[in-house]
Amino acid sequence: MKKKIIGLFLIFGITATAFTQEYVTPTYKQWVTKSADYMEQNQLDSAEYALNQAIISDPKNKNNTWLMTSLGAIQQHLGKMDAAYISLTSALNKHPESVFILHQRAGLLMEMERWNEAKDDYNTILSIDSLDVEALYNRGVLKLEMKDRVGAEKDFEVAERHGEFSPYGLLGKALLQRLDEEWEKAEKTYTSVLKDYPEMTNLYLKRAECYLHLDQLSKLSADLQAAAAQEFANPMYYFLRGQLRLKQFDKLAARNDFKKAQELGMESELLQPWIKKAD
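Every value quoted in this text rests on a predicted model; they were computed, and no experiment measured them.

Teacher, can you tell me more about the overall build of the protein chain here?
In terms of helices and strands, the protein chain carries 16 helices and zero strands. Dimensions along the principal axes, computed over C-alpha positions, put the protein chain at roughly 65 × 40 × 30 Å. Restricting to contacts in the protein chain with at least 6 residues of sequence separation, those with at least 24 account for 48%. Averaging the locations of the 35 positively and 40 negatively charged side chains of the protein chain gives two centres separated by 2 Å.

In structure tokens:
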């Protein structure tokens, strides 16, 4: 969430620059300023309302494209996926070749599991910039989802070759290593990425899975602790912690973790064998 909120402030920076270039009504500017203040306070419902009021107050304002982009990101955070899609699509209708907005909508579509549409957006991005390594990585992930491993490998390879200052090429390599159960290689790749990009805390959970398979329990425990604050609503977190607790002979705690993973949406078919082991 932090990364996307930073992105929202970037959008408001662009909008603020636009304010200096053309006249905006005091009411419009007031609502935009309120929305930025609400975002800083993490009051996203209020920020959404303020942005809507700004757009309603001056529906023909050229800045509305960026307000709609911000609105879509906020709505995505609030779980209003259909509304977010409408907002981002409206913004793209004004700027169909905006790579920034295309990335926003493609990420939303991936979260909505609308794989083909997300892939179309990444294809559009890559038709504009063939070396956009983030788009290459995400399209590679989608190709894997569609059982196109050869295509995914090509995208990851290009991302790694041209992503000297980006983690995405290595992330593609690590994903393939995990799929091939090359846990030691995957662990080293994630460790390399985390060394250069310590802010990518979402990788702790992925590296924790490697440590589980390598039976390195102290490192597994450390990564789970590092991931806890961010991944408290992720069923994989509880699934991995449950397996750790089984290895520590704490069946009751393990069973509770597996049940929590089930409550958060993990497939019962995957969890049942582990729940039985915790009986």
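Explain the packing of aromatic side chains here, please?
Aromatic ring pairs: the centre-centre distance and the angle between the two ring planes describe each pair. Inspection of the entire model under this criterion finds seven aromatic pairs. Each ring, one from Y237 and one from Y238, has its centre 5.0 Å from the other, and the planes form 85 degrees; the classification is edge-to-face. Here Y237 falls in the buried class, since its relative accessible area comes to 6%. Look at F258 and W274: their rings are 6.1 Å apart centre to centre, the planes differ by 45 degrees, and that puts the pair in the tilted class. One end of the pair, F258, is in helix α15 (residues 251–263); the other, W274, is in helix α16 (residues 268–277), with 16 residues separating them in the sequence. Three or more aromatic residues link up through ring pairs in this structure, and these residues are Y137, F156 and Y168. For the cation-ring pair, K277 lies above W274, with the distance from its terminal atom to the ring centre recorded as 4.1 Å.

I'm lost on the environment of A233 in this one. Help?
Mapped onto the fold, A233 is located in the loop between α13 (217–231) and α14 (235–247). Residues A233 and N138, spaced 95 residues apart in sequence, show a C-alpha to C-alpha distance of 23 Å.

Honestly, the packing of helix α7 (residues 115–128) against helix α8 (residues 133–145) in this entry has me stumped. Any pointers?
The packing of two helices is summarised by the inter-axis angle and the distance between the axes. Orientation of α7 relative to α8, taken along the N-to-C sense of each, is 150 degrees, at an axis distance of 9 Å. Comparing the axis directions of α7 and α8 gives the class roughly antiparallel. In this structure, α7 crosses over α8, and the sense of that crossing is left-handed. Each of W115, A118, K119, Y122, N123, I125 and L126 in α7 lies in contact with α8, whose residues at this interface are A135, L136, N138, R139, L142, K143 and E145. Classifying every residue of the contact of α7 with α8 gives eight nonpolar, two polar and four charged.

Help me understand the layout of surface pockets, please; the structure alone is not making it clear to me.
Rolled over the atoms, a probe with the dimensions of a water molecule shows which regions are left empty. Of the volumes computed, that of the second largest pocket is approximately 160 Å³. Lining the second largest pocket, in full, are I55, P59, K60, N61, K62, N64, T65, M68, S90, A91 and K94. Elements supplying a minimum of two residues to the lining of the second largest pocket: α4 (64–77) and α5 (81–94). Its residues placed into classes, the lining of the second largest pocket shows four nonpolar, four polar and three charged.

Would you mind going over unusual backbone geometry with me for this structure?
Excluding glycine, residues mostly have negative phi values, and the peptide bonds linking residues are mostly trans. Although it is not a glycine, K147 adopts a positive phi angle of roughly 65 degrees. Structurally, the position occupied by K147 is in the loop between α8 and α9 (149–162).

How should α5 be read in this particular structure?
Quick reminder: α-helices carry 3.6 residues per turn. Residues three or four places apart thus point the same way. Compared with the 20 Å implied by 1.5 Å per residue over 14 residues, the 20 Å span of α5 between its first and last C-alpha is a close match. Within the sequence span of α5, burial applies to M81, A84, S87, L88, T89, A91 and L92. Of the surrounding secondary structure, the elements contacted by the buried residues of α5 are α4 and α6 (99–111).

Which parts of the structure should I look at to understand the environment of S192?
Within the secondary structure, S192 is located in helix α11 (residues 183–196). The partly exposed category is assigned to S192, whose relative accessible area is 32%.

Looking at this model, I keep getting lost on α4. Mind explaining?
With 14 residues, α4 extends 20 Å from end C-alpha to end C-alpha; this agrees with the ideal 20 Å at 1.5 Å per step. Once α4 finishes, G79 follows within two positions and takes phi at roughly 80 degrees, a positive value.

Just to check I follow, could you spell out the side chain of E48 for this structure?
With respect to the element layout, E48 can be found in helix α3 (residues 44–57). The exposure class of E48 is buried, given its relative accessible area of 9%. Every residue in contact with E48, bar those within four places of it in the chain, is listed here: L71, I74, Q75, L78 and K80.

I would appreciate a short explanation of the pattern of salt bridges in the present structure.
If the charged atoms of two oppositely charged side chains come close together, the side chains can form a pair. Counted by the stated rule, this structure contains 17 salt bridges. Here R139 makes a salt bridge to D155, at a shortest N to O gap of 2.9 Å. With R139 in helix α8 and D155 in helix α9, this residue pair connects regions lying 16 residues apart in the sequence. According to the relative accessible area criterion, D155 is buried, its value standing at 5%. Each of the salt bridges in this network shares a partner with another, and the network as a whole consists of R139, K143 and D155.

What counts, and where the lines are drawn
Residues numbered from 1 in each chain as written. Predicted model: local features only at pLDDT ≥ 70, side-chain atom pairs only at ≥ 80, totals over all residues. Heavy atoms only, no water. Helix = DSSP H or I, 4+ residues; strand = E, 2+ residues; numbered from the N terminus. Contact = heavy atoms within 4.5 Å. Lys, Arg positive; Asp, Glu negative; His and termini not counted. Charge placed at Lys NZ, Arg CZ, Asp CG, Glu CD. Phe/Tyr/Trp six-rings, centres within 6.5 Å; stacked < 30°, edge-to-face > 60°. Buried < 20%, exposed > 50% of the residue type's maximum accessible area, 1.4 Å probe, protein only. Lys NZ or Arg CZ within 6 Å of the ring centre and 35° of its normal. Axes fitted to C-alpha atoms, helices over the stretch in contact; angles between N-to-C directions. Parallel < 35°, antiparallel > 145°, perpendicular 65-115°, else oblique. Left-handed = near helix turned anticlockwise from the far one by under 90°. Nonpolar A, V, L, I, M, F, W, Y, C, P; charged D, E, K, R; others polar. 1 Å grid on protein atoms, 1.4 Å probe; cavity = no way out; pocket = protein on both sides within 12 Å on 5 of 7 lines; lining within 4 Å. Points joined across faces, edges and corners; volume = space filled by probe spheres on them. Expected span 1.5 Å × (residues − 1). Salt bridge = Lys/Arg side-chain N within 4 Å of Asp/Glu carboxyl O.

In short, the description is geometric, and any link to function would need to be established separately.
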